[in-house]
Amino acid sequence: MLKKLELTFHNQGLRSYIELDLCTECPRQDDKGCCGYYSPVFYPCDFAYLLQYKPEVLDYIFSLDNLTILDASVTVNSRPEGQSYRCSFHSNTGGCLLPQALRESVCRHFVCPGVAWEKEDKLAHWKDFFTALADYEIELNNRIAGILKEKGLSLREEKRREEFLAELLILFEQETAITAPFLAECPPWEKHTLFRELQYGTDWPL
Ligand code: SF4
Ligand code: SF4
């Protein structure tokens, strides 16, 4: 039987995201869905947003002991649990504890391949939007990371982390002073309905 799904695309610039109503009754039926196979990685654009709007979440991240800290990124490594993993931000009753805008980009953009929304002609504008956004964000993250490195700043050096983050925020504001033109090509939000045949448990692809 075909299941009716609702996808809502949100254009919020660098914090854009895709919402899928199916997640609340994920076909994986393991209370973790795709989050059971992913460890979130935070990059300069995420740090800039958290610094501006929710610095306590950044403090929380750096207080964790399951991190992989590189020069300009932090991975919050999920812990093994059962047949998969448990993300530090995941609750088995309510899903992700982070509001969308505070999540990193994979967590905001990912929709499982069983939904395959990218194949819908009517959604081509959103496919172009999220492809352009991913490229833009990678390029921006790399540029900011490169400048910070040239200045001798690295997240690995705990004692200079505040200096790193303060400089990062200045760079982020400079680099995003002009809004990228593609961001104006989609509305603030748009809701679409799709119909899909569901499979359950591990038959539902991730
Ligand atoms: S696997 Fe699909 S339906 Fe399940 S939580 Fe992830 S995106 Fe949502
Ligand atoms: S941060 Fe949230 S959305 Fe991302 S893997 Fe963890 S629980 Fe899932």
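In what follows, the structure referred to is the one given above.
Residues numbered from 1 in each chain as written. Chains lettered and ligands numbered in written order. Predicted model: local features only at pLDDT ≥ 70, side-chain atom pairs only at ≥ 80, totals over all residues.

1. A look at the overall build of the protein
If you tally the helices and strands in the protein, you get 5 helices and 10 strands. The globule rule puts the C-alpha radius of gyration for 206 residues at 17 Å, and the 18 Å found for the protein is close to it. Dimensions along the principal axes, computed over C-alpha positions, put the protein at roughly 60 × 45 × 25 Å. When burial is assessed residue by residue, the protein has 24% of its 206 residues classed as buried. Partitioning the contacts of the protein with sequence separation of at least 6, the portion at a separation of at least 24 is 72%. (Helix = DSSP H or I, 4+ residues; strand = E, 2+ residues; numbered from the N terminus. Rg over C-alpha atoms; globule rule 2.2 N^0.38 Å. Buried ≥ 20, exposed ≤ 12 C-beta atoms within 10 Å, placed from the backbone. Contact = placed C-beta atoms within 7 Å.)

2. Thoughts on the sheet that holds strand 1 (residues 2-10)
The 3 strands are arranged 2-1-10 in an open sheet whose pairing can be described as antiparallel. The outermost strands of the open sheet, each flanked by one partner alone, are strand 2 (17-20) and strand 10 (189-197). Looking at each pair of strands side by side, their axes are set apart by 25 degrees on average, direction ignored. Alignment of strand 1 against strand 2, held across 4 bridges, turns out to be antiparallel. Bridge assignment links Thr8 to a residue of strand 2, and that residue is Glu19. (Pairing = 2+ DSSP bridges. Axes fitted to C-alpha atoms, helices over the stretch in contact; angles between N-to-C directions.)

3. Re the nonpolar core
Ranked by size, the top nonpolar core spans 20 residues in total, and within it Cys45, Phe47, Ala48, Ile144, Leu148, Phe164 and Leu168 carry the most contacts. Listed by contribution, the elements that provide at least two residues to this core are helix 1 (44-53), helix 4 (124-150) and helix 5 (161-175). A total of 5 residues in this core trace back to one element, the largest contributor, which is helix 1. Residues contacting Phe47, with those up to four places away along its chain left out, are Phe42, Leu58, Leu165 and Leu168. Membership of the second largest hydrophobic core comes to 7 residues, among which are Leu7, Val115, Trp126 and Phe130. (Core = buried A, V, L, I, M, F, W, Y, C linked by C-beta atoms within 7 Å.)

4. A closer look at the environment of Gln199
Mapped onto the secondary structure, Gln199 falls in the segment after strand 10. For Gln199, a count of 12 C-beta atoms within 10 Å translates into the label exposed. When the C-alpha positions of Gln199 and Pro27 are compared, they lie 6.6 Å apart, and in sequence the two are 172 residues distant. If sequence neighbours within four positions are ignored, Gln199 has contacts with Pro27 and Trp204.

5. Let's talk about the sheet that holds strand 3 (residues 41-42)
Taken in spatial order, the 3 strands of this open sheet run 3-5-4, and their pairing is antiparallel. The open sheet has two edge strands, strand 3 and strand 4 (67-69), and neither has a second partner. Alignment of strand 4 against strand 5 (residues 74-76), held across 3 bridges, turns out to be antiparallel. Residue pairing for strand 5: Leu67 is matched across the bridge by Val76.

6. Considerations on helix 4
With 27 residues, helix 4 extends 39 Å from end C-alpha to end C-alpha; this agrees with the ideal 39 Å at 1.5 Å per step. Among the residues of helix 4, Trp126, Phe130, Leu133, Glu137, Leu140, Asn141, Ile144, Ala145 and Leu148 are the ones counted as buried. Those residues of helix 4 that are buried lie in contact with strand 1, helix 1, helix 3 (105-109) and helix 5. After helix 4 finishes, the residue Gly152 shows a positive phi value of roughly 80 degrees. (Expected span 1.5 Å × (residues − 1).)

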